[in-house]
Amino acid sequence: MGVVAATTLASGVEFVEALTIVLAMGTTRGWRSTWAGVGAALVALALITALAGYALQSWLPEALLQLVVGTLLLIFGLQWLRKAILRAAGLKALHDEEDAFASEVRAAREAGDERRLGLDWFAFVVSFKGVFLEGLEIVFIVITFGLNADSIALATLGAAIGGAIVLAAGFALHKPLARVPENTIKFAVGLLLSTFGTFWAVEGLGWFAPDDASLSWPGGDLALPVLLGLWCALAVATVRLLSPRAHEVG
Amino acid sequence: MRFLSGFARFWWDFIVGDDWRIAAGVVVVLAGGALLVVGTAAPDGLVATLTALGILLVAIGSIAAAAMKAGRP
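Quick caveat, the model's predicted, so the values are computed rather than measured. (Residues numbered from 1 in each chain as written. Chains lettered and ligands numbered in written order. Predicted model: local features only at pLDDT ≥ 70, side-chain atom pairs only at ≥ 80, totals over all residues.)

K.L.:
Can you walk me through the overall build of chain A in this structure?
P.N.:
Scanning chain A from terminus to terminus reveals eight helices and two strands. The order of helices and strands in chain A, counted from the N terminus, is α-α-α-α-β-β-α-α-α-α. Its C-alpha atoms give chain A principal-axis dimensions of roughly 60 × 60 × 35 Å. For chain A, long-range pairs separated by at least 24 residues make up 84% of all intrachain contacts whose partners lie at least 6 apart in sequence. (Helix = DSSP H or I, 4+ residues; strand = E, 2+ residues; numbered from the N terminus. Contact = placed C-beta atoms within 7 Å.)

Encoded structure:
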């Protein structure tokens, strides 16, 4: 059940960010166009995930699939990890949902009143983009945790639980969920995405070998905890090196 | 046309993000790993270790560049 808890937590962070955008649009510009944007994003997400998942699984050999998914996870994970390290070292502002909410509300009030297809176009587009982007990140999380635990179904269940908890809490409180420790959770997810991304991308290099078989890591799956340890060590060392105290002249 | 360029822009922003060096570095390191697989008889363990070290260097380079930009070498 660890995979359900991990996916609930990791995807919950993304749901919190999407909720902030949706709440800002709904309360400022009206709910009809906001819900239309949310609905359109969910349909687009479902279509893209189903099509991409089917195409990848049906047409790509295993090693090439590992290379493609691993490379995407790695690029994505390194972006998260870099931001998390910079935030922990005080070089980048911590993500704050109340600030994000205030900034979305300001943008919504200043935006024009363009109407298309009978909808408030600003509310529709902002809700669509917010939910679609955060939703794609949840898809990445579900793939990573699901493949690792050999159960995409359990990972999907975890993401659904995360979504249900965040939505219930958000709409009960009717304000952004600022107390969720987003920066810490994102740090952990960045470490995991980088670890699995490295593992699969390297295994996938076997696609270039004459026999088309995945490369083997020294120690097989035991390389995973070693890689995680290396990424953790790199993160801790860079945060210590870059944090202000390291630069105080003694 | 506008839709296509917007679509391409969206995926570029999503995958490459705000530091193109990470994506470029990862692709270059994996291409190096692929060359080792194709052009040498290096054992899997050596290719995996060298590629992983290359990826760690990409991460360090990207963090160092961001820190220097923020004024903290």
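K.L.:
I'm lost on the overall build of chain B in this one. Help?
P.N.:
Broken down by element type, chain B carries three helices and zero strands. For chain B, the N- to C-terminal ordering of α and β elements is α-α-α. Computed over the C-alpha atoms, the radius of gyration of chain B is 16 Å, more than 25% above the 11 Å expected from 2.2 N^0.38 for a compact globule of 73 residues. The principal-axis extent of the C-alpha atoms belonging to chain B is close to 50 × 40 × 15 Å. Relative to its 73 residues, chain B shows a buried fraction of 25%. (Rg over C-alpha atoms; globule rule 2.2 N^0.38 Å. Buried ≥ 20, exposed ≤ 12 C-beta atoms within 10 Å, placed from the backbone.)

K.L.:
What is the right way to look at the interface of chain A and chain B in this model?
P.N.:
Frequently, the measure chosen for interface size is the accessible area that the parts lose on association. The partner chain B presents 28 residues to the 29 residues of chain A that form the contact. Breaking the side of chain A that touches chain B down by element, the ones donating at least two residues are α3 (62-88), α5 (121-148), α7 (182-204) and α8 (223-242) of chain A. Of the residues forming the side of chain A that touches chain B, the biggest block, 10 residues, is contributed by α3(A). The residue inventory of the side of chain A that touches chain B, partitioned by class, reads 22 nonpolar, six polar and one charged. (Nonpolar A, V, L, I, M, F, W, Y, C, P; charged D, E, K, R; others polar.)

K.L.:
What is the right way to look at the packing of helix α2 (residues 20-39) of chain B against helix α3 (residues 44-69) of chain B in this model?
P.N.:
Angle between the axes and distance between the axes are the two parameters that describe a pair of packed helices. All names here are of chain B. Across the interface, α2 lies against α3 with an axial gap of 9 Å and an inter-helix angle of 165°. Of the possible angle classes, the one that applies to α2 and α3 is roughly antiparallel. Crossing angle aside, the handedness with which α2 passes α3 is right-handed. Counting all contacts with α2, which are made through Arg21, Ile22, Gly25, Val26, Val29, Leu30, Gly32, Gly33, Leu36 and Val37, the residues of α3 involved are Val47, Leu50, Thr51, Gly54, Ile55, Val58, Gly61, Ser62 and Ala65. Here the residues of the contact of α2 with α3 sort into 11 nonpolar, seven polar and one charged. (Axes fitted to C-alpha atoms, helices over the stretch in contact; angles between N-to-C directions. Parallel < 35°, antiparallel > 145°, perpendicular 65-115°, else oblique. Left-handed = near helix turned anticlockwise from the far one by under 90°.)

K.L.:
Looking at this structure, how should I read the environment of B:Ile63?
P.N.:
Considering the arrangement of structural elements, one finds B:Ile63 in helix α3. Given 26 C-beta atoms within 10 Å, B:Ile63 falls into the buried group. Once the C-alpha coordinates of B:Ile63 and B:Ile22 are considered, the two residues, 41 residues apart in sequence, prove to be 9.6 Å apart. When neighbours within four sequence positions are excluded, B:Ile63 is seen to be in contact with A:Arg82, A:Ile85 and A:Thr238.

K.L.:
For this particular structure, what's the right way to read the nonpolar core?
P.N.:
Across soluble globular proteins, nonpolar side chains show a tendency to be buried alongside one another. Grouped together as the largest cluster of nonpolar side chains are 87 residues, with contacts concentrated most on A:Leu73, A:Ile85, A:Leu205 and B:Val26. For this core, the leading source of residues is α3(A), giving 15 residues. Ignoring anything within four residues of it in the chain, the contact list for A:Leu205 reads A:Leu67, A:Leu215, B:Leu30, B:Gly33, B:Ala34, B:Val37, B:Val47 and B:Thr51. (Core = buried A, V, L, I, M, F, W, Y, C linked by C-beta atoms within 7 Å.)

K.L.:
Explain the environment of A:Gly219 here, please?
P.N.:
Residues and elements named next belong to chain A. Following the sequence through the fold, Gly219 ends up in the loop between α7 and α8. Take Gly219: there are 12 C-beta atoms within 10 Å of it, and that puts it in the exposed class. With 23 residues separating them along the chain, Gly219 and Leu242 place their C-alpha atoms 33 Å apart.

K.L.:
How do you make sense of α7(A) when you look at a structure like this?
P.N.:
For an α-helix the count is 3.6 residues per turn, leaving residues at separations of three or four pointing the same way. Helix length check: α7(A) (23 residues) gives 32 Å between terminal C-alpha atoms against 33 Å at 1.5 Å per residue, within 8%. Within α7(A), 19 of the 23 residues are buried, leaving the element largely enclosed by the surrounding structure. (Expected span 1.5 Å × (residues − 1).)

K.L.:
Can you help me understand the packing of α5(A) against helix α6 (residues 152-173) of chain A in this one?
P.N.:
All names here are of chain A. With their axes 8 Å apart at the nearest point, α5 and α6 run at an angle of 140° to one another. By the angle between their axes, α5 is oblique relative to α6. Crossing angle aside, the handedness with which α5 passes α6 is right-handed. Residue-level contacts link Ile138, Ile141, Val142, Phe145 and Gly146 of α5 to Ile152, Leu154, Ala155, Thr156 and Ala159 of α6. Across the contact of α5 with α6, the residue classes break down as eight nonpolar, two polar and no charged.

K.L.:
Is there a simple way to explain unusual backbone geometry in this structure?
P.N.:
One can expect most non-glycine residues to show negative phi and most peptide bonds to be in trans. All names here are of chain A. With phi around 50°, Leu117 is a residue other than glycine that occupies positive phi space. Tracing the sequence through the fold places Leu117 in the loop between β1 (115-116) and β2 (119-120). Under the C-beta neighbour-count criterion, Leu117 is labelled exposed, with 8 such atoms within 10 Å. The residue Asp212 is not glycine, and still its phi comes out positive at about 65°. Along the chain, Asp212 turns up in the loop between α7 and α8. C-beta crowding within 10 Å serves as the criterion here: with 12 such atoms nearby, Asp212 is assigned to the exposed category.

K.L.:
Explanation requested: α3(A) in the structure shown.
P.N.:
Between its first and last C-alpha, α3(A) extends 37 Å over 27 residues, near the 39 Å set by a 1.5 Å rise per residue. Looking at the residues trailing α3(A), positive phi occurs at A:Gly90, about 80°.

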